[in-house]
Amino acid sequence: MKTTKFLSVAFFALVFGASSFAQKSVVVGGAAMYPTKNIIENAVNSKDHTTLVAAVKAADLVATLQGKGPFTVFAPTNAAFDKLPKGTVETLLKPENKKMLQTILTYHVVAGKMNSMAIAKAIKMGSGKASLKTVSGGTLTAWMKGKKLYITDEKGGMSEVTIANVNQSNGVIHVVNKVLLPKS
């Protein structure tokens, strides 16, 4: 039994690049993400997350994501935001749409620190799928296809985790290639 358990852990470590756990930093968007810094302190340095950072600022969520946490953040890249219909980001950044922006952004956040091994364990326990309750009150569904981890939103949109386990002092970031959208 212990051997089987060890092999399962070793498999998931290989699948999700557990070597990143041992690293002092992971490079995201051309910048080192240090596990001693919080989510905001790291995100502001990523060239791939300038839209996300602008959105977090417009939604007044900076203080929250600098807080103790821990948080698991599925962080869409600029390219992910570019996939939204033209004008969507500009509309969301308007002050009158702050509440909607907050809902969308907190839909990308799960309370607690779930590295890829924890997500894989939840997927295994859920017979191939794991429901993740978001801070906004919605649900994300995590699943795997081969060695790749995917997140499906409530509208059926699918996002791939392109960089997993970017450890932060107050949680973990998983970079995703699509913006996740709640039902309404």
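Up top is the structure.
An account of the accompanying structure is given in this report.

1. Topic: the packing of aromatic side chains
Next, step 1: Taken as a whole and assessed by the stated rule, the structure comprises one aromatic pair.
Next, step 2: Ring geometry for Trp143 versus Tyr150: centroids 4.7 Å apart, planes at 20°, classification stacked.
Next, step 3: Using a relative accessible area of 18% as the deciding quantity, one classes Trp143 as buried.
Next, step 4: Relative accessible area serves as the criterion here: at 12%, Tyr150 is assigned to the buried category.

2. Regarding the nonpolar core
Next, step 1: With 28 residues, the main nonpolar core has Val56, Leu65, Val73, Leu105 and Ile173 as its most contacted residues.
Next, step 2: When sequence neighbours within four positions are dropped, the list of residues in contact with Ile173 reads Ile39, Val73, Ala75, Ile163, Ala164, Asn165, Val166 and Gln168.
Next, step 3: Formed by 16 residues, the second largest nonpolar core is a distinct cluster that contains Met114, Ile119, Ile151 and Leu180.

3. Description of unusual backbone geometry
Next, step 1: Here the bond from Gly69 into Pro70 is cis, since omega is 5°, no more than 30 degrees from zero.
Next, step 2: You can see Pro70 is positioned in the loop between α5 (62-66) and β3 (71-76).
Next, step 3: Here the phi dihedral of Asp60 falls at roughly 55°; this positive angle occurs in a residue that is not glycine.
Next, step 4: Note that Asp60 resides in the loop between α4 (50-58) and α5.

4. Some words on the sheet that holds β3
In a beta sheet, neighbouring strands pair by backbone hydrogen bonds and run either parallel or antiparallel.
Next, step 1: Strand order in the open sheet formed by seven strands is β4-β3-β9-β8-β7-β6-β5, and the pairing between neighbours is mixed. Edge positions in the sheet fall to β4 (109-111) and β5 (129-133), since each of these pairs with one other strand and no more. Put simply, the sheet's adjacent strands are angled 30° from each other on average, direction ignored.

5. Regarding the packing of α4 against helix α8 (residues 98-106)
Next, step 1: At their nearest, the axes of α4 and α8 sit 9 Å apart, and the two run at 125° to each other. With respect to each other, α4 and α8 are oriented oblique. Both α4 and α8 take part in a crossing whose hand is left-handed. Mapping the contact onto sequence places Leu52, Ala55, Val56 and Ala58 in α4 and Lys98, Leu101 and Leu105 in α8.
Next, step 2: Across the contact of α4 with α8, the residue classes break down as six nonpolar, no polar and one charged.

6. With respect to the pattern of salt bridges
Next, step 1: Counted according to the given criterion, the structure contains two salt bridges.
Next, step 2: With a closest N to O distance of 2.3 Å, Asp60 and Lys98 form a salt bridge. A residue pair is termed long-range when its members are at least 10 positions apart, and Asp60 in the loop between α4 and α5 and Lys98 in helix α8 qualify at 38 residues.
Next, step 3: Overall, the relative accessible area of 30% leaves Lys98 in the partly exposed class.
Next, step 4: Between Glu160 and Lys148 there is a salt bridge whose closest N-O contact spans 3.5 Å. Placement of Glu160 in strand β8 (residues 158-168) and of Lys148 in strand β7 (residues 148-152) is noted, with a sequence separation of twelve residues between them.
Next, step 5: For Glu160, a relative accessible area of 19% corresponds to the buried category.
Next, step 6: Judged by its relative accessible area of 42%, Lys148 is partly exposed.

Reading the values: the criteria
- Residues numbered from 1 in each chain as written.
- Predicted model: local features only at pLDDT ≥ 70, side-chain atom pairs only at ≥ 80, totals over all residues.
- Heavy atoms only, no water.
- Phe/Tyr/Trp six-rings, centres within 6.5 Å; stacked < 30°, edge-to-face > 60°.
- Buried < 20%, exposed > 50% of the residue type's maximum accessible area, 1.4 Å probe, protein only.
- Core = buried A, V, L, I, M, F, W, Y, C linked by side-chain atoms within 4.5 Å.
- Contact = heavy atoms within 4.5 Å.
- Helix = DSSP H or I, 4+ residues; strand = E, 2+ residues; numbered from the N terminus.
- Pairing = 2+ DSSP bridges.
- Axes fitted to C-alpha atoms, helices over the stretch in contact; angles between N-to-C directions.
- Parallel < 35°, antiparallel > 145°, perpendicular 65-115°, else oblique.
- Left-handed = near helix turned anticlockwise from the far one by under 90°.
- Nonpolar A, V, L, I, M, F, W, Y, C, P; charged D, E, K, R; others polar.
- Salt bridge = Lys/Arg side-chain N within 4 Å of Asp/Glu carboxyl O.

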